[in-house]
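Coordinate analysis (summary)
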Amino acid sequence: MEENKKAEQRNAALEENTDIFENPGGNLEKATFAAGCFWGIEEAFRQVKGVVATAVGYSGGHFEKPTYEQVCTLNTGHAEAVRVIFDPKVVSYKTLLDVLWKIHDPTTKDRQGPDVGKQYRSVIFYHNEEQKAAALASKEEREKAGVFKNPIVTEIVPVSEFYMAEDYHQQYFEKKGFLQNIFRSFKK
């Protein structure tokens, strides 16, 4: 009971501050990706010039307002995902896809490095038909070029509800001071 009450309070607080992630406004656009543990994926996208904001959360599942602990049980169907708000005048969606392919192994099903489970699957959640076409073309380009030794297993599916992860997960590496040098190639 206490856990449910805390989850409800957390979700209410997050919803007050997350409007930009659903309705970016202006000329900004949103993209949503899953590629393993969301901490590192978020940090990589935060380094891309033209990315205005990022948030980690859960998408692609069948359970409403899941907590991290619930997602880890593998019963919610969600993937750890990153919502990226970007300025398309500065960075294209295609460039974001290029970053995605570079920062994870899209050939391992439900796994990234030591992290194993459906919540770590590789997914491109498209927000419109243009993103869908770009994602499919980007995947096909890499498959034809033989960029990866094994077949790409990345799902390309319509975006589903995005639930913000708990605050302590947001900008985790930045808060902890990790990986400052690893993402130098994505520097703004």
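See the structure shown above.
In this report, the structure presented in the accompanying data block is examined.

Rules used in this analysis
Residues numbered from 1 in each chain as written. Predicted model: local features only at pLDDT ≥ 70, side-chain atom pairs only at ≥ 80, totals over all residues. Heavy atoms only, no water. Pairing = 2+ DSSP bridges. Helix = DSSP H or I, 4+ residues; strand = E, 2+ residues; numbered from the N terminus. Contact = heavy atoms within 4.5 Å. Axes fitted to C-alpha atoms, helices over the stretch in contact; angles between N-to-C directions. Buried < 20%, exposed > 50% of the residue type's maximum accessible area, 1.4 Å probe, protein only. Polar contact = N/O pair within 3.5 Å; in protein donor to acceptor, adjacent residues only side chain to side chain. Core = buried A, V, L, I, M, F, W, Y, C linked by side-chain atoms within 4.5 Å.

1. Details of the sheet that holds strand β3 (residues 79-86)
What the six strands build is an open sheet, ordered β7-β6-β1-β3-β2-β8; its pairing is mixed. Of all the strands in the sheet, just β7 (155-158) and β8 (163-164) have a single pairing partner and so form its edges. Packed onto the sheet, helix α3 (residues 38-46) meets β1 (29-35), β2 (51-59) and β3 and runs at close to 165 degrees relative to β2. Against the sheet, helix α5 (residues 93-103) engages β1, β2, β3 and β6 (122-126), with an angle of about 15 degrees to β1.

2. Points about the environment of His127
Relative to the helices and strands, His127 is located in the loop between β6 and α6 (129-145). What makes His127 partly exposed here is its relative accessible area of 23%. Linking His127 and Glu29, residues 98 residues apart in sequence, is a C-alpha distance of 9.3 Å. Contacts of His127, omitting those with residues within four sequence positions, involve Lys30, Ala31, Thr32, Arg83 and Val159. A distance of 2.8 Å separates a polar atom in the side chain of His127 from a polar atom in the side chain of Thr32.

3. With respect to the nonpolar core
With 30 residues, the main nonpolar core has Phe33, Phe45, Val84, Leu96 and Ile124 as its most contacted residues. Of all the elements in the fold, those that place two or more residues in this core are β1, α3, β2, α4 (68-72), β3, α5 and β6. Core analysis: the second largest hydrophobic core is formed by 11 residues, Phe21, Ala53, Ile85 and Val123 among them.

4. Focus on unusual backbone geometry
Notably, Lys65 is not glycine yet its phi reads approximately 50 degrees, a positive angle. Tracing the backbone through its elements, the reader meets Lys65 in the loop between β2 and α4. The class for Lys65 is partly exposed, based on a relative accessible area of 35%. Residue Asp110 is not a glycine yet carries a positive backbone phi of 55 degrees. Tracing the backbone shows Asp110 in the loop between α5 and β4 (111-112).

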